[in-house]
Amino acid sequence: MTRHDDGDMERTFAALPPAHGKGFARTWWGQAWLTALEGTALDTAQLKTGRRLARAGAVGAVSVRPGRLTAVVLDRDRTAHRADVLLEELSPEQWERFLDMTVERAGHVAALLDREMPPHLVEDAADAGVELLPGLGDLEPECDCEAWDHCGHTAALCYQVARLLDQDPFLLLLMRGRAEGSVLDDLQSRSGTSVVEAAVPDGVDAAEAYAAGDILPPLPPLPELPGEPGVPPSLDTETPPASGIDPAALEFLAARTAVQAHSLLRCALQAGPHVELTSAQDAVRLAAGAPGPEMTDRLAAGSGRGREGLATAVCAWRHGGTEALSVLDEEWQPQDETLARARAALDSAWDAGERPDLRARANRWTVAGAPVQLRLGRDGRWWPYRKERGRWQPAGGAAQDPATALASVTALASVTALASVTAPASAEPSPEEGNSL
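It should be emphasised that the depicted structure is a prediction, and the values quoted were computed from it without experimental measurement.

Quick look at the environment of alanine 300
Tracing the backbone through its elements, the reader meets alanine 300 in helix α13 (residues 293-303). Measuring from C-alpha to C-alpha, the distance between alanine 300 and valine 284 comes to 8.4 Å, with 16 residues separating the pair along the chain. Alanine 300 has contacts with Arg305, Gly306, Arg307 and Leu310, leaving out every residue within four places of it along the chain.

Some points on the pattern of salt bridges
If you walk through the whole model with that rule in mind, you get 19 salt bridges. Close ionic contact of arginine 82 with aspartate 84 constitutes a salt bridge, the shortest N to O distance being 2.8 Å. By relative accessible area, arginine 82 is classed as partly exposed at 42%. The buried category is assigned to aspartate 84, whose relative accessible area is 4%.

Here's the deal with a nonpolar patch on the surface
Together, Leu235, Ile245, Leu250 and Leu253 give the surface a local cluster of nonpolar side chains, amounting to about 310 Å² of exposed area. Topologically, leucine 253 is positioned in helix α11 (residues 247-269).

Section: the sheet that holds strand β5 (residues 140-143)
Overall, antiparallel pairing links the five strands, which are arranged β1-β2-β3-β4-β5 in an open sheet. The two strands at the open ends of the sheet, each matched to only one other strand, are β1 (11-13) and β5. For this sheet, the mean inter-axis angle between neighbouring strands, taken without regard to orientation, is 20°. Pairing of strand β2 (residues 62-65) with strand β3 (residues 68-74), which is carried by three bridges, proceeds in the antiparallel orientation. When the bridges of β3 are listed, serine 63 appears paired with threonine 70.

Re unusual backbone geometry
Notably, arginine 78 is not glycine yet its phi reads approximately 70°, a positive angle. Structurally, the position occupied by arginine 78 is in the loop between β3 and β4 (80-86). We classify arginine 78 as exposed; its relative accessible area is 59%. Positive phi, normally seen in glycine, also occurs at aspartate 336, with a value near 45°. Relative accessible area serves as the criterion here: at 64%, aspartate 336 is assigned to the exposed category.

Looking at the packing of aromatic side chains
Across all of its chains, the model carries four aromatic pairs by this definition. Seen in terms of ring centroids, phenylalanine 24 and tyrosine 159 are 5.1 Å apart; in terms of plane orientation they differ by 45°. Their pairing is tilted. In this pair, phenylalanine 24 sits in the loop between β1 and α1 (28-38) while tyrosine 159 sits in helix α6 (residues 152-167), placing the two residues 135 residues apart along the sequence. Note on phenylalanine 24: relative accessible area 6%, which makes it buried. Look at tyrosine 159 and you get buried, because its relative accessible area is 1%. Relative to phenylalanine 98, the ring of tryptophan 95 lies with its centre 5.7 Å away and its plane at 85°, an arrangement referred to as edge-to-face. Here phenylalanine 98 and tryptophan 95 lie together in helix α3 (residues 92-103), a separation of three residues that amounts to about one turn. The ring of tyrosine 385 carries arginine 375 above its face, with NZ or CZ at 4.0 Å from the centroid. Here the basic side chain of arginine 378 rests over the ring of tryptophan 332, its NZ or CZ set 4.5 Å away from the ring centre.

Cut-offs applied
- Residues numbered from 1 in each chain as written.
- Predicted model: local features only at pLDDT ≥ 70, side-chain atom pairs only at ≥ 80, totals over all residues.
- Heavy atoms only, no water.
- Helix = DSSP H or I, 4+ residues; strand = E, 2+ residues; numbered from the N terminus.
- Contact = heavy atoms within 4.5 Å.
- Salt bridge = Lys/Arg side-chain N within 4 Å of Asp/Glu carboxyl O.
- Buried < 20%, exposed > 50% of the residue type's maximum accessible area, 1.4 Å probe, protein only.
- Patch = residues over 30% accessible without salt bridge, like charges linked within 9 Å, V, L, I, M, F, W, Y side chains within 5 Å.
- Areas by Shrake-Rupley, 256 points an atom, 1.4 Å probe, with all protein chains shown as cover.
- Pairing = 2+ DSSP bridges.
- Axes fitted to C-alpha atoms, helices over the stretch in contact; angles between N-to-C directions.
- Phe/Tyr/Trp six-rings, centres within 6.5 Å; stacked < 30°, edge-to-face > 60°.
- Lys NZ or Arg CZ within 6 Å of the ring centre and 35° of its normal.

What is shown is where atoms sit, not what they do.
Here it is in C-alpha cells:
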C-alpha cells in the first residue's frame, strides 16, 4: 500500500460565504449528517443558534482530519470560540472490509470519483459491518465555551460541514481515518488496474438507480428575477422571408412575449396570481407595447374594439391590467350587501357639505354636470373615469377610498367647482348619469 504525506491527512477549507435563505444540505448524505446532529442535540435552541451563526458566515476556516473537525466560530458579539466535533475512526479491519466491498462493484468507485455517495455503497458497507455515516450520538462536541452538549458553536460547525460534504463525500472518509489518495491507491492495488478504468461500468445498476429514486434533494433556491426582459434576436437579415411571414410582426410578438414571460416569472417568484388572458385581452396587452400603426390596426380588428376602443382599453390596461379592463367593459348592478358597502363608503369619504352630487347607474357614479365618473370594481375598489370627446376614459388607478379615486382625476379643481352646482330641478338626468344617490 502506498503511503501518503501527513499533509493528505488534514484538509483546511476557507470560510464559506453566508448562506442566507439556502439549505445546508442538498445531498442525501449531507442530510443524513444533519440528522445525526439534530437527533442528538438535546437543546433545540442551540441548534437554532448554530443555524443562525452558520448562515451569517460566522464559521471560520474548517479543518478536517481523521476523527476531528475544528473551526473558530464567532458569537454575535464577535467573541471567538474554538469548536471541535469528534467522530470515531474506522478500525484497520473495518477499512479492509470496506475496500474489499467497494472494489467488487465498479459503480461504487465511479460514484466516489464523481463526488457522490450512492445509497447502495452505504448499505453494502453497513452489511460489511462498516458504518460510514454517523448515527445518533456519533458526533461528539467539544467547545471552549464549556457547554456539556452541542452548543451553538459546534452546531454551526456541523451545519457548515454539511455544505462541504455536499461537494465532496471523500471528506467523510477522511474523518473516518483515510485520505482520498490513500483510499484510491488501496482500491487500485486490489483491482490490479487503474481505479479510473475500473470505475467505468458497463451500465447503470437498475436496482441501485431504483433505490435512489425516492432520495431527492431539496428544491434549489428560486432564481433571481432579471432586471429587464430579454431582447429577442433581430430578424432583419439579407435572406428574404418566406411567403406569408411578416418579420416586423414576428419581432414585435417576440419582444412582447419576452415582456410577458418576465411578468409571469415575477408573479411566480412573488407567489402572485396568474390570470389566463382571453384573445381579446391579449390583443390589448400586445397593443400596450406600442406597436407600429399597421400592427395596431391588426390588433384593433382582432380585438373587436376598433382603433379608438383599443386605445381606451390600452389606457385601462396600463392603469390596472385585466381588472381595469373588466371595469372598463363590464356594467353590473351591485346588490344588497355590496351596494350597502358602496353607499357607506361614499357617505364617509367626504366631510359634510363637501361631497359632490353623484348620479348612480349600476356600478357607476357620475358627478352631476361634470365629465367625471367613479366605477366600482367587483373587488370593492373605485376607479376614476373622465369623459373626453364623448367617450369615457380611464383616468387613474384604483383606490379603496372613492374620494381618493376622484382626486386622481387631472382637472380636480374644475371638477369640484362643477360638482357644487346643482342641476335645475326640471332637468332630466341622462341615461349615463342615472339617479341621484
